[in-house]
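Below are the chains, spelled out letter by letter.
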Amino acid sequence: MTVEDRIKELRDKLNHHNYMYYVLDKPEISDYEYDMMMRELIELEEKYPQFKTPDSPTQRVGGEPLKEFEPFTHVVPMQSLANAFSEGELRDFDRRVKASVGDVEYVVELKIDGLSVELIYENGFFTVGSTRGDGIIGENVTNNLKTIRSIPLRLKDDLNLIVRGEVFMPKASFEKLNEERELNGESFFANPRNAAAGSLRQLNPKITAKRDLDIFVFNLQRIDGIKLQTHAEALEFLKYQGFKVSPHIKVCKNIDEVIEDINYIRDIRDSLPYETDGAVVKVNDLSKREILGSTAKDPRWAIAFKYPAERQKT
Ligand SMILES: NC(=O)c1cc2c(N)ncc(C(N)=O)c2s1
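Residues numbered from 1 in each chain as written. Predicted model: local features only at pLDDT ≥ 70, side-chain atom pairs only at ≥ 80, totals over all residues. Heavy atoms only, no water.

**Digging into the overall build of the protein**
Logical step 1: For the protein, the helix and strand inventory stands at ten helices and eleven strands.
Logical step 2: For 314 residues, the compact-globule estimate of 2.2 N^0.38 gives 20 Å, and the protein sits close to it at 21 Å.
Logical step 3: In terms of overall dimensions, the protein has a C-alpha envelope of 65 × 50 × 40 Å along the principal axes.
Logical step 4: Across the 314 residues that make up the protein, the buried fraction comes to 47%.
Logical step 5: A total of about 15,900 Å² of accessible surface is found on the protein, and carbon and sulfur atoms cover 51% of it.
Logical step 6: Between the mean site of the 45 positive side-chain charges and the mean site of the 54 negative ones, the protein shows a separation of 2 Å. (Helix = DSSP H or I, 4+ residues; strand = E, 2+ residues; numbered from the N terminus. Rg over C-alpha atoms; globule rule 2.2 N^0.38 Å. Buried < 20%, exposed > 50% of the residue type's maximum accessible area, 1.4 Å probe, protein only. Areas by Shrake-Rupley, 256 points an atom, 1.4 Å probe, with all protein chains shown as cover. Lys, Arg positive; Asp, Glu negative; His and termini not counted. Charge placed at Lys NZ, Arg CZ, Asp CG, Glu CD.)

**Let's talk about the pattern of salt bridges**
Logical step 1: Scanning the model with the defined rule gives 21 salt bridges in all.
Logical step 2: We note a salt bridge from E87 to R91, for which the minimum N-O separation is 3.2 Å. Note that E87 and R91 are positioned in helix α3 (residues 87-101) at a spacing of four residues, about one turn of the helix.
Logical step 3: Note on R91: relative accessible area 26%, which makes it partly exposed.
Logical step 4: By sharing partners, the salt bridges in this structure join R6, E9, K13 and E40 into a single network. (Salt bridge = Lys/Arg side-chain N within 4 Å of Asp/Glu carboxyl O.)

**Quick look at the confidence of the model for the protein**
Interpretation of this model should avoid reading the predicted coordinates in detail wherever pLDDT is low.
Logical step 1: Chain-level pLDDT for the protein is 95 on average; 98% of the residues reach the 70-or-more range.
Logical step 2: Confidence estimates for the predicted assembly give a pTM of 0.94 and an ipTM of 0.96. (pLDDT = per-residue confidence, 0-100.)

**A closer look at the nonpolar core**
Logical step 1: Counting residues in each nonpolar core, the largest one holds 35 residues, and the members touching the most others are L119, L145, L161, V167, L200, L238 and F243.
Logical step 2: Those elements that provide at least two residues to this core are β4 (115-122), β7 (161-168), α5 (171-183), α6 (192-200), β8 (214-223) and α8 (231-240).
Logical step 3: Excluding anything up to four places from it in sequence, F243 contacts V23, L119, Y121, P152, L155, L161, V163, V217 and L238.
Logical step 4: By size, the runner-up hydrophobic cluster in this structure holds 29 residues, among which are I255, L272, L292 and F305. (Core = buried A, V, L, I, M, F, W, Y, C linked by side-chain atoms within 4.5 Å. Contact = heavy atoms within 4.5 Å.)

**So, the sheet that holds strand β11 (residues 302-305)**
Logical step 1: On the basis of which strands lie adjacent, the open sheet formed by five strands has the order β2-β11-β10-β3-β9 and mixed pairing. Each of the sheet's edge strands pairs with one partner strand only, and the pair in question is β2 (83-84) and β9 (249-252).
Logical step 2: Direction of pairing for strand β3 (residues 106-112) relative to β9: antiparallel, over a ladder of four bridges. By the bridge assignment for β9, E109 is matched with I249.
Logical step 3: Its contacts with the sheet place α3 against β2, β3, β10 (276-283) and β11, and it is angled at close to 175° to β11. (Pairing = 2+ DSSP bridges. Axes fitted to C-alpha atoms, helices over the stretch in contact; angles between N-to-C directions.)

**Re the sheet that holds β4**
Strand pairing in a sheet relies on backbone hydrogen bonds, with the paired strands running either antiparallel or parallel.
Logical step 1: Reading across from one edge, β5-β4-β7-β8 is the order of the four strands in this open sheet, with antiparallel pairing throughout. The open sheet has two edge strands with one neighbour each: β5 (125-131) and β8. With direction set aside, neighbouring strand axes in the sheet form an average angle of 25°.
Logical step 2: Sheet topology places β4 next to β5; six bridges connect them, and they run antiparallel. What sits directly across from I120, in β5, is V128.

Take a look at the structure:
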């Protein structure tokens, strides 16, 4: 085996084990075995830098601290969502949708309480990641996003695509971080969303890397050369490409099933290991979404349902 072959073998094995551990939560080897392979890869890439590639797991915590973040104009505007606070408002939403495009299937997902990011992939490689900002222009936080192990540095296929996801800090990591900050006499983060935002918008990627951030990808914003019919199909496709996709995805035949699932989420969400701030209801058929379009601010094909406890949240 040549040095180049060994470097490729280590890179592929480490990326596979990274996927199993951080995306599927199904580790196959011990941390020790992982660390030994990583140490060998770091040594070989030091000696033979010509064989280093952008998707090497050694490239996750790279980059020097920045003076400031570059602004980044989103390829696809990152819209906000209109809110519904009651069953009646959900039914009003359903009536408006059906008046425009007839009967539809909906998809219900958790609304993750973190910060939205756009991830751009070119020929399968992760190239640019940015925060939502005002929906049009955000901040380029690519190096910080690379430290999040559940973000693939390379897709299964060499595709050009753009996804949107929510970066969050698990509740347990938030508690641990605030304990550490108390010991160091630093100020608390008020909630996991602020902790995630503060950690992702750190100018030094090495600090971001220590903050145990995670992501759920929830929308395929754009893809070259592939036509998908439904949102549920798009999420399955993103899972296949290596993304960590929202775990609770329910396809509903009608608004009654949506309301049933929203009540189920209400009963289980406090037991989840991450904060949520409601549920998102979206039209499943992508061509019907096109017909429905958007207002100046929000898509007409989606709505966020907010549980009563959420009213206090900003
Ligand atoms: N502002 C938005 O469009 C969204 C925001 C969020 C969020 N914070 N979490 C999950 C979803 C989802 N599953 O669609 C969405 S959609």
